[in-house]
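A structural walkthrough
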Amino acid sequence: MKPAPFRYADPRSLEEALDVLAADPGAKVLAGGQSLLPLLAMRLAAPATLVDVNRVPGLDTVEVTGDGVRVGALVRHARLLHDDTAAGVQPLLARATANVAHPAIRNRGTTVGSIAHADPSGEMTSVLALTGGSVTVATPEGRSTVGWQDLFVGPLETSIAGPAVVVDAFFPALPERSGTAFAEIARRKGDYAVCGAGVVVTLDADRRVSAVRASYISVGLVPEVHDLTEAVAGKPVDGADWAAAGALARTLVDPDTDIHASADYRRLLVGVLTERTLTDAAREAAERTAA
Amino acid sequence: MTTKLFGEPVRRREDARLIIGKGRYLDDIGAGALAAAFVRSPHAHARITDVDVEAALDVEGLVAIYTYEDLTGPMAEPLPVLIPHPQLHAPRTGYALANGMVNHVGEPVVMVVATDRYLAEDAAERIVVTYEELPVVVGVDAAREARAVVHEDIPDNVAARHHQETGDVEPTLAASPHTLSFTQYIERSACMPLEGKGVHARWDPDDASLRVHSSTQASTSVRAAIAAKLELSLDRVEVVAPDVGGGFGVKIVHPWPEELLVPMAAIRLGHEVKWAEDRREHFISSAHERQQRQEITVGYDDDGRITALDVHVWHDNGAYTPYGIIVPIVTATQLVGPYALPVYRVVVESVYTNTVIVTPYRGAGRPQGCYAMERTMDRVADALGLDRAEVRRRNLITPDQFPYDHHLTFQDGRPVIYDSGDYPGLLDKLVALVGWDEAAALRADAQARGKLLGVGMALYVEGTGPGPYEGGHVQVLGSGKVLVSTGLTSQGQGHETVFAQIVASELGVSMDDVEVHTGDTRRFGYAVGTFASRAAVMSGNAVALAARGVREKAIRIAAEVLEANPEDLEIDEGLVQVKGTPGASIPLRTVAVLSNPLRYAFDEAAKQATQFAGPGDDSKPPVAPGDAPGLEHRDYYSPIRSTFASGAHAAVVEIDPQTWEIDVVRYAVVHDCGNVVNPMIVEGQVHGGVAQGVGGALYERMAYDADGQLQNASFMDFLMPYASEVPDVVIDHQETPSPLNPLGIKGAGEAGVIPGTAAIASAIEDATGRRIASMPISPTELYDLMRDETAERTAASQQTSLQTGVPA
């Protein structure tokens, strides 16, 4: 469990990083290293060059505006977990990062790195999707924005090709009259979830349900957002049948079987977690909606 | 007396060193050593048709490559069958490097030595081994059915048929008022010490000697194995176990291929060589344990008293049998637990599979035996509508029945005769400790919170401290320091503390003056090893006897100096003194000086022992015939047979009927290991054991696929429980001293793990009303069981119409 030989570069600017990436098609960006380094150690990945971006200035910022939260490439999960300002604009950030592995991993692992890694068991890929977020990709040609729908291609696979650094991720603000919740079931505390669910419930001015969206962890090959509105549309927030939304969710997902859980069991959990998180999210939405 | 430390919760003296990173583990040794890595089989069963090392030869830093062709003499022969047994009719072992065949994924095929481990792995990656794949046998049922075979010349895959019986089972069963038959399974897990195996070897060509460090539980026997395999004289080989980061059984197996190959390479290359096992290697090339299929028939009367028990176990021993049939024997003989069984018959068929070898893992066959016996008790109770505790009580051996002879033969070849115990006492304490009789109220409370609650219990008896022997050496230096040495090894259990407690208590010195060394053949050449909960019993008694020898000699010498009667002397706080006569005393360190008549003085203290220091007795030689210089003594403890510890565990589980998550909310342990040397250490052993018990019941398994590939060979997917998964454990002690040894102690190392699977299975069954016949069980499996209309329901659940919320 020792990595194959690789070159190591620690550029001091984004331009320099992109130069190194452009010069070596086998190069890979290293940020927190919490997913990449185990892959190297197991020789499941053998990039020719590791481009360590930890010394690139300007990538460690969290910008919070009324529109949303822009998270720089070097921001660690732990920082988002404890950023009350960011949570005020988009509560899912803190709620989801609380479920990312263990403190030691949250202290090193980056939220943007986790998204670029595109693991369907990752919390932050799902949150990017659920919030309708995007990433900013820097290439030698300039910067572009890639929406979540265009980003995730398959497990551990994104649409980003060629010399590129994902410099930030943008999570739009929680819409008004909305509430969120996030929950996971893992075999052990801090493990990758057997199943996780993030939800957003939006009410109309009469406190009736107007929109319900959910995204799941460890269910499916890429993050997806499921619209569950039809199960509860127009129902008063106190009288909505969240179990019905859970039942609907079960019909929409296509989970896989692995050594930890059967597809059927994951589908069961999708229903249970949907109902539980929607109950919590609806309560929050109601609190945020004037009576 | 101020130095009686036996029985006190003395803090572990090794912890400061180990916790702050001052431990010296295998990989801390030999910074300049060459590094070894191995090409291991990627196939579970294959013939090797070619090994091509060409592409590796230009890797910079490559030093040597060894294949089977490079092995000579005894190294080219199969690895030893460590513990032969007449019923092991078809033993098989692998080779240090595969000889044309591989029988499990992970078997070593090529050894690579390079200037560092990275380069060794680079070279290993380039070696091309061509295999011709063969049909694969995975799992005990596939082995039993034998549609494919592991070893060509063993068509039924059966390595051993172990058989014991205490009477005529069939007529007794036929005459029994009731009988029950059932089959159940238990899965594989593994020791998983945080430090894997590892070997470092240094050959001194000038001295023609070899010094090997190995992360082992048996340094003396590793030494003998290396000497034999490398054709060296025993006195030219020393083996040291440094700090060892956990063993739990896997490191008692030896010689591992690497334990022979690393020294071989060190000699051939004239350079120190090291191999430190990585986690993936540990998963696929060390050892596992526990998988069995158990077919049980029990006869019993209307009161739930067992009349006869007939057990047929199919035991998966993996690809080879280097450790003999110890695990099957332990299952067979420890299965009977604390119960008086009028007639018992057991057959264990030990079968080959194309998987990692099965050798003792903490508990070593006992968790399986306990699972068989205790789940039988649960079934009998359920069938008769009786309380599970009551059925157990009616079958217990009573205190007046000791010594109790089961008429079975134990793993040490000696009779299973329980030396002492109070099993009804254990059960009474357990029922009180866990609140067994209040289970209905707990269940109602849980139900109000939307949870299913169940309670379960399991009792066990554990044969501990088997022979043949251990030794101890105690030496008092002129400085007053007391050196204690024993040959068995330590893996973090607290030996330095407990052996120091014992010696300090026996000798009458401060613990601060006592220094303990273990597992170093340079200090103590005769030892057996650390396994079977034997260190405290074996080496504890041996160092106690050695200390008593030192004490006797010290008093004899001091009596001459003080001109006192030896019977009037005592030793306390390092001072030999006349009882009740303050001032009439001599420090033990001075006695040590005087014990060694000197010609040369090298310090102030030594002057006292030189030839002109004082008036001597010219009529006697300075060292009397039969005496020896120095204040030291070596002694051995060899037991007539094992001593039997016992205990009772209870688990309370809560199950979420929506997600089928299983939470152990309370875990109670009553534990009897005879006289306790250090209750804090015993409790620590219990805690660690319970954690492994919970792991084995709910989390851990070896997920082999049908091709013999281990799907979860990492700590990401092998679910060893974290602290967050382990319940708080409440413990009550009972002390029934062993009459067999001077200190009256019994072993405590493995106890905590033994009843976990049985107790938790019982609790889940109680909570859900579904028969639990395969362990471990995960939420996804419990969900499948709950929605299976054909799944067996307990009689109790039908009588009480238990609400179990069967899902849609």
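Residues numbered from 1 in each chain as written. Chains lettered and ligands numbered in written order. Predicted model: local features only at pLDDT ≥ 70, side-chain atom pairs only at ≥ 80, totals over all residues. Heavy atoms only, no water.

1. Quick notes on helix α10 (residues 388–395) of chain B
All names here are of chain B. Buried residues of α10: Arg388, Ala389, Val391, Arg392 and Asn395, and no others. Projection of α10 onto a plane perpendicular to its axis shows the buried side chains occupying an angular sector of 165°, all on one side. Summarising the contacts, the buried residues of α10 are in contact with β14 (306–318), α9 (366–384), α11 (423–434), β18 (452–464) and α18 (756–768). (Buried < 20%, exposed > 50% of the residue type's maximum accessible area, 1.4 Å probe, protein only. Helix = DSSP H or I, 4+ residues; strand = E, 2+ residues; numbered from the N terminus. Arc of directions from axis to C-beta. Contact = heavy atoms within 4.5 Å.)

2. Digging into the packing of aromatic side chains
By convention here, two paired aromatic rings are described through the distance between centres and the angle between planes. Residues and elements named next belong to chain B. Summed over the entire model, instances satisfying the criterion amount to twelve aromatic pairs over all chains. Seen from their ring centres, Phe38 and Trp275 are 5.9 Å apart, and the 90° between their planes marks the pair as edge-to-face. Of the two residues, Phe38 sits in strand β1 (residues 34–40) while Trp275 sits in strand β12 (residues 273–276), which places them 237 residues apart along the sequence. When its relative accessible area of 8% is taken as the criterion, Phe38 is described as buried. Arranged with centres 5.9 Å apart and planes meeting at 75°, the rings of Phe283 and Phe715 form a pair that is edge-to-face. A residue pair is termed long-range when its members are at least 10 positions apart, and Phe283 in helix α7 (residues 279–285) and Phe715 in the loop between α17 (679–699) and β28 (729–733) qualify at 432 residues. A residue is classified by how much of its surface remains accessible, and Phe283, at 0% relative accessible area, is buried. Connected via pairs of aromatic rings, a cluster forms that spans Phe402, Tyr404, Phe410, Tyr418, Tyr423 and Phe644. Lys197 extends its terminal NZ or CZ atom over the ring of Trp256, reaching a point 3.9 Å from the ring centre. In this arrangement the basic side chain of Arg634 is found over the ring face of Phe524, its NZ or CZ atom lying 4.8 Å from the centre. (Phe/Tyr/Trp six-rings, centres within 6.5 Å; stacked < 30°, edge-to-face > 60°. Lys NZ or Arg CZ within 6 Å of the ring centre and 35° of its normal.)

3. Structural notes on the sheet that holds strand β11 (residues 178–186) of chain A
Strand pairs in the sheet, formed through backbone hydrogen bonds, run parallel or antiparallel to each other. Residue and element names in this part refer to chain A. One open sheet accounts for four strands, arranged β11-β12-β13-β14; its pairing is antiparallel. Looking at strand neighbours, the two that pair on one side only are β11 and β14 (225–227), the edges of this open sheet. Each strand of the sheet is rotated relative to its neighbour by a mean of 20°, with strand direction disregarded. Taken together, the three bridges between strand β13 (residues 209–217) and β14 define a ladder with antiparallel strand orientation. Note on β14: the bridge partner recorded for Arg213 is Asp227. (Pairing = 2+ DSSP bridges. Axes fitted to C-alpha atoms, helices over the stretch in contact; angles between N-to-C directions.)

4. Description of a nonpolar patch on the surface
A contiguous nonpolar patch, built from A:Met1, A:Met42 and A:Leu44 and spanning about 280 Å² of accessible area, is present on the exposed surface. Within the secondary structure layout, A:Met42 lies in the loop between α2 (36–41) and β3 (49–52). (Patch = residues over 30% accessible without salt bridge, like charges linked within 9 Å, V, L, I, M, F, W, Y side chains within 5 Å. Areas by Shrake-Rupley, 256 points an atom, 1.4 Å probe, with all protein chains shown as cover. Salt bridge = Lys/Arg side-chain N within 4 Å of Asp/Glu carboxyl O.)

5. Brief notes about the interface of chain B and chain A
Each partner contributes to the interface: chain B provides 33 residues, whereas chain A provides 25 residues. Each partner contributes to the roughly 2,600 Å² buried at the junction of chain B and chain A, and carbon and sulfur atoms together form 55% of this total. The tally of links between chain B and chain A comes to five salt bridges. A salt bridge links A:Arg43 to B:Asp122, with the nearest nitrogen and oxygen atoms 2.7 Å apart. Counting every contact that joins chain B to chain A gives 18 residue pairs in polar contact (both at pLDDT 80 or more). Elements that contribute at least two residues to the side of chain B that touches chain A include exactly α2 (117–126), α7, α17 and α19 (779–786) of chain B. At five residues, the largest contribution of residues to the side of chain B that touches chain A is made by α2(B). In terms of residue class, the side of chain B that touches chain A is made up of 14 nonpolar, seven polar and twelve charged. (Buried area = accessible area lost by both parts, 1.4 Å probe. Polar contact = N/O pair within 3.5 Å; in protein donor to acceptor, adjacent residues only side chain to side chain. Nonpolar A, V, L, I, M, F, W, Y, C, P; charged D, E, K, R; others polar.)

6. Considering the environment of B:Arg47
Residue and element names in this part refer to chain B. You can see Arg47 is positioned in strand β2 (residues 46–52). Look at Arg47 and you get partly exposed, because its relative accessible area is 29%. In this structure, Arg47 is in contact with Gly100, Met101, Thr130, Tyr131, Glu132, Leu134 and Glu152, ignoring residues within four places of it in sequence.

7. Considering the environment of B:Pro177
By the secondary structure assignment, B:Pro177 is in the loop between α4 (169–175) and β8 (178–186). In sequence terms B:Pro177 and B:Ala372 are 195 residues apart; their C-alpha atoms lie 21 Å from each other.

8. A few points about the pairing of β2(B)
All names here are of chain B. In this sheet, strand β4 (residues 101–102) lies alongside β2 in antiparallel orientation, the contact comprising two bridges. Across the sheet, Ala46 pairs through a bridge with Val102, a residue of β4. Note that β2 and strand β6 (residues 128–133) share six bridges and pair antiparallel. Along β6, the bridge assignment pairs Asp50 with Thr130.

9. A short note on the sheet that holds strand β10 (residues 165–172) of chain A
Residue and element names in this part refer to chain A. Taken together, five strands build an open sheet; the order of strands is β4-β5-β10-β6-β7 and the sheet is antiparallel. In this open sheet, the two strands that pair with only one neighbour each are β4 (62–64) and β7 (142–147). Averaged over all pairs of adjacent strands, the angle between their axes in this sheet comes to 20°, without regard to strand direction. When strand β5 (residues 68–72) meets β10, the two strands line up antiparallel, connected through five bridges. Looking across to β10, one finds that Val71 is bridged to Ala169. The strands touched by helix α1 (residues 14–23) within the sheet are β6 (134–139), β7 and β10, with β10 carrying the most contacts at an inclination of about 120°. In the packing of helix α8 (residues 123–130) onto the sheet, contacts are made with β6 and β10, and the angle to β10 comes to roughly 55°.

10. A word on the nonpolar core
One finds B:Leu698, B:Ile760 and B:Ile764 to be the most contacted residues of the largest nonpolar core, which totals 76 residues. Sort the elements by how many residues they give to this core and helix α12 (residues 263–287) of chain A lands first, with ten residues. With near-sequence residues (within four places) excluded, B:Ile760 lies in contact with B:Ala651, B:Val664, B:Tyr667, B:Val694, B:Ala697, B:Leu698 and B:Met775. The next biggest cluster of nonpolar side chains, apart from the first, holds 51 residues, and it includes B:Trp436, B:Ala439, B:Ala446 and B:Ala650. (Core = buried A, V, L, I, M, F, W, Y, C linked by side-chain atoms within 4.5 Å.)

11. What about unusual backbone geometry?
Residues and elements named next belong to chain B. The peptide bond linking Gly467 to Pro468 adopts the cis configuration, its omega dihedral lying at 5°. The topology assignment puts Pro468 in the loop between β18 and β19 (470–476). The peptide bond linking Met775 to Pro776 adopts the cis configuration, its omega dihedral lying at 0°. Within the secondary structure layout, Pro776 lies in the loop between β29 (774–775) and α19. Non-glycine residue Ala208 carries a positive phi angle of around 50°. Following the sequence through the fold, Ala208 ends up in the loop between β9 (198–204) and β10 (209–214).

12. Regarding the UniProt feature "domain: Aldehyde oxidase/xanthine dehydrogenase a/b hammerhead" (unreviewed entry) in chain B
Annotation from UniProt places "domain: Aldehyde oxidase/xanthine dehydrogenase a/b hammerhead" (unreviewed entry) at residues 20–135 of chain B. Between the end C-alpha atoms of residues 20–135 of chain B there is a gap of 50 Å, over a span that is 9% helix and 29% strand. (UniProt positions renumbered as here; feature names shortened; annotations may be inferred.)

13. Quick word on the packing of helix α8 (residues 326–334) of chain B against α9(B)
Two quantities define a packed helix pair, namely the angle between the helix axes and the distance between the axes. Residues and elements named next belong to chain B. Packing of α8 against α9 leaves a shortest axis separation of 8 Å and a crossing angle of 35°. You can see that α8 and α9 cross each other, and the crossing is right-handed. For the pair α8 and α9, contact is made by Val327, Val330, Thr331 and Gln334 and by Arg366, Gln368 and Gly369, respectively. Class assignment for the residues of the contact of α8 with α9 results in two nonpolar, four polar and one charged. (Left-handed = near helix turned anticlockwise from the far one by under 90°.)

14. Notes on the packing of α9(B) against α10(B)
All names here are of chain B. It is the contact of α9 with α10, at a shortest axis distance of 9 Å, that shows an interaxial angle of 115°. The orientation of α9 relative to α10 falls into the category roughly perpendicular. The hand of the α9/α10 crossing is right-handed. Of α10, the residues touching α9 (which contributes Glu374, Met377, Asp378, Val380 and Ala381) are Arg388, Val391, Arg392 and Asn395. Split by residue class, the contact of α9 with α10 holds four nonpolar, one polar and four charged. (Parallel < 35°, antiparallel > 145°, perpendicular 65-115°, else oblique.)

15. As for empty space enclosed by the protein
Residues and elements named next belong to chain B. This model, assessed by the stated rule, comprises six cavities of 30 Å³ or more. Considered as a void within the structure, the largest cavity measures approximately 240 Å³ in volume. If you trace the largest cavity, you find 21 residues lining it, with Leu79, Trp256, Pro257, Tyr320 and Ile357 closest to the centre. Its residues assigned to classes, the lining of the largest cavity shows eleven nonpolar, seven polar and three charged. As a volume, the second largest cavity reaches approximately 120 Å³. (1 Å grid on protein atoms, 1.4 Å probe; cavity = no way out; pocket = protein on both sides within 12 Å on 5 of 7 lines; lining within 4 Å. Points joined across faces, edges and corners; volume = space filled by probe spheres on them.)

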